[in-house]
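Listed below are the residues making up each chain.
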Amino acid sequence: MKLQGRKGSSNIEDRRGRGGGSMFGGGAGRAGSFGIGTIIIMVVVFFLGGNPLEYLGIGGGGNQATQTTPGERGEDLNETGSYANIVSVTLQETENVWNNVFPQQYGRNYKEPVLVLFSGQDRSACGFASAATGPFYCPADQKVYIDLSFADQLRKRFGSPGDFALAYVVAHEVGHHVQNLLGYSQQVNQARQRSSKEQANAMSVRLELQADYLAGVWANYANRDGQLLEQGDIQEAITAATAIGDDRLQMEAQGYVVPESFTHGTSEQRVRAFTEGYRSGDASKAAMDRYFSARNL
């Protein structure tokens, strides 16, 4: 990414160096009641880019006070090339794109999300946030949450180095914000309440692939209008998308795959979704609806 001289977003809430209390709001004893199997599944959900709290069915907690603890804030947001700077610049670039796209395509203004940087643990309106939950978007407060240690996981655990691999993750989470603003998230949540577990998982896959598609659309606009990309950037995103496919992660974790349990899509599906978004740059309502249809699963 061409980061030098680029402005970072003002919608960054830097909570690094603060702690958010016990994980489940009930003290350490309750956390200890979860077995090793549950913990393993939570880790797998994290590697899929999701929030393990959804697996446990835990929500709320957004109104509980966050405790401040001593600690360094870490990398400076203005330190070019640092994880914090990559995240901040990427968020600004998503704002540039979606602020233009929304009036053109949807006839209304874009409401920018806030991105929360935290270290260790924190609280969102959707529940507890920790390094183990990975990056996630909370529709209840319209904020993206990320512990920058995930960038190291992306590089070391998933073999996906490069600034644009991290940018892809941020753009994907902002894609969930776009879905929320356009009503797709609400459609899925309502349908889930009337569906079986397998059907609900399939709907989740559809939502995640559309977010990947939106990340690709963003990359198209950001490069066309802002000349953001450098050679190799798209391959970095493809490598990251490949690494976090449901099939690949399940195979690594347990040696076999269970397609009906997929919640984010296979490696091939995720790569195809991002690539199609990048190649088409089509953010129209018709394209969004078409990509949301079952034929893309």
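Model, not experiment: these values are computed from the prediction.

Bringing the overall build of the protein chain into the picture now. In terms of regular secondary structure, the protein chain is built from 12 helices and 8 strands. The buried share of the protein chain, taken over its 297 residues, is 52%. Of all intrachain contacts in the protein chain linking residues separated by at least 6 positions in sequence, the fraction that spans at least 24 positions is 74%. Split by element, the accessible area of the protein chain, about 12800 Å² in all, is 49% carbon and sulfur.

Attention shifts here to the pairing of strand β6 (residues 127–130). Two faces belong to every sheet, and in a regular strand the side chains alternate between them. Sheet topology places strand β5 (residues 121–124) next to β6; 4 bridges connect them, and they run antiparallel. Residue pairing in the sheet places D122 in a bridge with A129 of β6. Hairpin connection between β5 and β6: a loop of 2 residues separates the two successive antiparallel strands.

Turning our attention to the packing of helix α9 (residues 233–243) against helix α11 (residues 267–280). Viewed as axis vectors pointing N to C, α9 and α11 meet at an angle of 150°, and their least axial separation amounts to 8 Å. Judged by the angle between their axes, α9 and α11 are roughly antiparallel. The hand of the α9/α11 crossing is right-handed. For the pair α9 and α11, contact is made by I234, A237, I238, A241 and T242 and by S267, R270, V271, F274, T275 and Y278, respectively.

This part is about the pattern of salt bridges. A full pass over the atoms with the stated rule returns 14 salt bridges. The residue D152 makes a salt bridge to R155 at a minimum N-O spacing of 3.0 Å. One end of the pair is D152 and the other is R155, both in helix α5 (residues 149–156) and 3 residues apart, which spans about a single turn. According to the relative accessible area criterion, D152 is partly exposed, its value standing at 27%. Close ionic contact of D212 with R270 constitutes a salt bridge, the shortest N to O distance being 2.8 Å. With D212 in helix α8 (residues 197–226) and R270 in helix α11, this pair connects stretches of sequence that are 58 residues apart. Here D212 matches R270 in class, with each residue buried.

Here we take up the confidence of the model for the protein chain. Close inspection of predicted coordinates is inappropriate for parts of the model with low pLDDT. Residues at a pLDDT of 70 or more form 80% of the protein chain, whose mean pLDDT is 81. Here residues 20–49 is modelled with pLDDT under 50, and outside its nearest four sequence neighbours on either side it reaches 56 contacts, counting other chains as well. Confidence drops under a pLDDT of 50 for residues 52–73, and excluding neighbours within four residues, the segment shows 50 contacts in the predicted structure.

A few words on the state of the cysteines. Here the structure, examined in full by the defined rule, presents 1 disulfide. Each disulfide pairs two cysteine sulfurs, and for C126 the partner residue is C138, the sulfurs being separated by 2.1 Å. Classification of the bridge connecting C126 and C138 rests on its S-S torsion, roughly 90°, and on that basis the disulfide is right-handed. Here C126 is found in the loop between β5 and β6, whereas its partner C138 is found in strand β7 (residues 136–138), with 12 residues between them in sequence. Classification of C138 by relative accessible area gives buried; the value is 0%.

Time to look at the pairing of strand β8 (residues 143–147). A large share of β8 lies buried, amounting to 5 of its 5 residues. Here β8 shows a buried face lined by K143, Y145 and D147 and a second buried face lined by V144 and I146. Note that strand β4 (residues 114–118) and β8 share 5 bridges and pair parallel. Directly across from L115, in β8, lies its bridge partner V144.

Counting residues in hydrophobic clusters, the biggest one holds 70 residues, and the most contacted among them are W98, L115, F164, Y168 and W218. Residues contacting W218, with those up to four places away along its chain left out, are T90, E93, T94, V97, W98, F164, A167, A171 and L228. Counting 6 residues, the second largest nonpolar core, distinct from the first, contains V116, F118, F136 and Y145.

Conventions we followed
Residues numbered from 1 in each chain as written. Predicted model: local features only at pLDDT ≥ 70, side-chain atom pairs only at ≥ 80, totals over all residues. Heavy atoms only, no water. Helix = DSSP H or I, 4+ residues; strand = E, 2+ residues; numbered from the N terminus. Buried < 20%, exposed > 50% of the residue type's maximum accessible area, 1.4 Å probe, protein only. Contact = heavy atoms within 4.5 Å. Areas by Shrake-Rupley, 256 points an atom, 1.4 Å probe, with all protein chains shown as cover. Pairing = 2+ DSSP bridges. Axes fitted to C-alpha atoms, helices over the stretch in contact; angles between N-to-C directions. Parallel < 35°, antiparallel > 145°, perpendicular 65-115°, else oblique. Left-handed = near helix turned anticlockwise from the far one by under 90°. Salt bridge = Lys/Arg side-chain N within 4 Å of Asp/Glu carboxyl O. pLDDT = per-residue confidence, 0-100. Disulfide = S-S within 2.5 Å. Core = buried A, V, L, I, M, F, W, Y, C linked by side-chain atoms within 4.5 Å.

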